[in-house]
Amino acid sequence: MHTDFVRAASVTPVMIPGDPRQNAEAVVHAIRTAAGANLIVLPELALTGCSCGSLFTHDALLDAAEDALAALLRETNDVPALIAVGLPVRVNQRVYNCAAVMSEGNLLGVVPKSALTSDSFFQTGAGSGGTVVLCGETVPFGTDLLFDGGGGFRAAFTLGEDPAPPPAATVVGHLSAVPVWAGERLRDIVRVQSARLRCAVVCASADACGPVCRVIAENGVILDASGFEEQSKTTVTELDLGLLAYERRHLSNDSETVSARAIPFRRGGAPAELKRRYSPEPFAAEGGDALTAHCRKMLAMQVRALQARLKRLPGTGAAVSVSGGLDSALALLVAERAASREERKLLAATMPGPGTTERTLKNAQALCKALGVPLKTVPIFNALEGHIKDIGHGGQPDVTYENAQARERAQIMMDMAGIEGCIVVGSSDLSETALGFTTFAGDQLSMFGVNAGVPKTLIRHIVRTAALDSGEELRTVLLDILDTPVSPELLPIESDGTQRQRSEDILGDYAVHDFYLYWFVRHGYTREKLLIAAKRAFKGRYTDAALDYALTLFLTRFAQSQYKRNAMPEGAAVSEVSLAQQDWVMPGDIANIL
């Protein structure tokens, strides 16, 4: 398995208030359940329970907690993981709420809680540079400890609701004991902190009343989490140190130079197999109401982007080429809303050619009718025939034959828009742009691309959501467009009137390409990691060989198509991934080293 991945476990054993010996046994058992983890985080005050109150200042409980820690060290000397467990610790006649950090039976350091409530029985956490004698060893003590396992695995530990680790930490273990009602707030804190610090946060929390909560987040995304529950359980997933390193390379953060005491430890081996979940549609929300809300938001952002462009061009309307296919349907939906809100002219044109089917032509007409948009029909048969003859082409269906149609449509659209005083609204989507599945100086050209930041898989969800939000007439045509195979329609139709050319017969599944696109551009995944992630996301759906073939195709086309992206029109940047010139910079003649 790739060394970028480290397995992290949030462990919440059942704790008995005031019984450190039995709690230590429960902790050892819980640690064994997380076998194979490189990092194991247990709750705040796990060895005593968090509800002991005044007893936290009594020697009887403090001695028992230290003895329990010593037993825990002995019992985990064969566990090659970085482990953090909470307990009260005496330091210079004061008592601190601490995280004891250990690995392979060695106590590496002790981190005190820095933010305390007014009714706490503990002292405010000491800052930096100190030591403490615990379990017969003198070890570093303070909030400035950074545990370095090499390879970018730099762990810090915090306690309480407001983590504030050393900035250089890539992984934060957060020990907590929040009440049940604060569970959602804790999830938000963990997620936001991981986003703000470009790190991973592994949180284990146990309430005094018994319920527990586990949250693991990375770079603003919750990888796994539990709700509050009674029973002892373990949440395990992998953290991607390479992803975090990639994010930090794009972040100028001078605060990482803040001094911290680095404590080395031996990092365990990389996990043999990933438990980490990868969504097969990373551009989409998880489904249900969340996906519906996401699609509505994306459509609204596209509309606002075009509105802003029209607002800055007084008297200018919008022109859309409507093919009856998926991308142009979304472009027309966006343009119709933006033009009506700005009270601008909207020109729609369909240009049937040799590859146009009766189904797509009727859908183009029905879509415009349902939206109340006048449609101009300009057949390109004669223009194509004349052009092909003029350049000495034999009329055979090859790449030149296909490109000639796309460029003819682009020319007609540009000229008609000029007559009407409109800007041409492009329909090319993010997936086509990444794969270069566009005609240079053809459908690639426009004056503003409303789909430029939306991949094909997400366009399907947006159009479906728009259909379900619409009246019966518009819904019917949009659903039929969704049911029509995606095609550029540039080859002559079959004798039975069906399409000869289907995009996914040429390229493969858009879902796989969109998956590679997201993880390659957004998070800098290498070829090896892309394949690891894809095997996890598409397990049972595609063979490893099929995914490998698709990856080779994606990376090859992506590298070879940069010259087209270098000539892209401006567009609406509405998703996490953008291939606009200002966002993605790469030479058009780059070697295929990807």
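Residues numbered from 1 in each chain as written. Predicted model: local features only at pLDDT ≥ 70, side-chain atom pairs only at ≥ 80, totals over all residues. Heavy atoms only, no water.

Novice: I'm lost on helix 1 (residues 20-33) in this one. Help?
Specialist: Since the α-helix advances by 3.6 residues per turn, residues separated by three or four positions end up pointing in the same direction. Look at helix 1: 20 Å from first C-alpha to last across 14 residues, which is about the 20 Å you get at 1.5 Å a residue. Listing the buried residues of helix 1 in full gives Pro20, Asn23, Ala24, Val27, Val28, Ala30 and Ile31. Relative to the axis of helix 1, the buried residues are bounded by an arc of 165 degrees and lie together on one face. Facing away from the buried side of helix 1 by more than 90 degrees, the exposed set consists of Arg21 and His29. In the core, the buried residues of helix 1 are packed alongside strand 1 (5-12), strand 2 (39-41), helix 2 (59-75), strand 3 (82-91) and strand 14 (233-240). (Helix = DSSP H or I, 4+ residues; strand = E, 2+ residues; numbered from the N terminus. Expected span 1.5 Å × (residues − 1). Buried < 20%, exposed > 50% of the residue type's maximum accessible area, 1.4 Å probe, protein only. Arc of directions from axis to C-beta. Contact = heavy atoms within 4.5 Å.)

Novice: I tried to follow the environment of Pro282 on my own but got confused; where do I start?
Specialist: Along the chain, the position of Pro282 falls in the loop between strand 15 (261-264) and helix 5 (288-311). The class for Pro282 is buried, based on a relative accessible area of 16%. Taking the C-alpha atoms as reference points, Pro282 and Thr552, separated by 270 residues in sequence, lie 20 Å from one another. In contact with Pro282, other than residues within four places in its own chain, are Asp514, Phe515, Tyr518 and Trp519.

Novice: I'm lost on the sheet that holds strand 11 (residues 200-206) in this one. Help?
Specialist: Pairing between the strands of a sheet comes from backbone hydrogen bonds, and it takes one of two forms, parallel or antiparallel. As summarised here, the arrangement of the seven strands in space is 13-12-11-10-9-8-15, forming an open sheet in which the pairing is mixed. Each end of this open sheet is capped by a strand with a single partner; those strands are strand 13 (221-225) and strand 15. Taken over all neighbouring pairs, the strand axes of this sheet differ in orientation by 25 degrees on average, direction set aside. Inspection of the sheet shows strand 12 (residues 212-218) paired to strand 13 by four bridges, in the antiparallel sense. Its bridge partner lying in strand 13, Val215 is registered against Ala225. (Pairing = 2+ DSSP bridges. Axes fitted to C-alpha atoms, helices over the stretch in contact; angles between N-to-C directions.)

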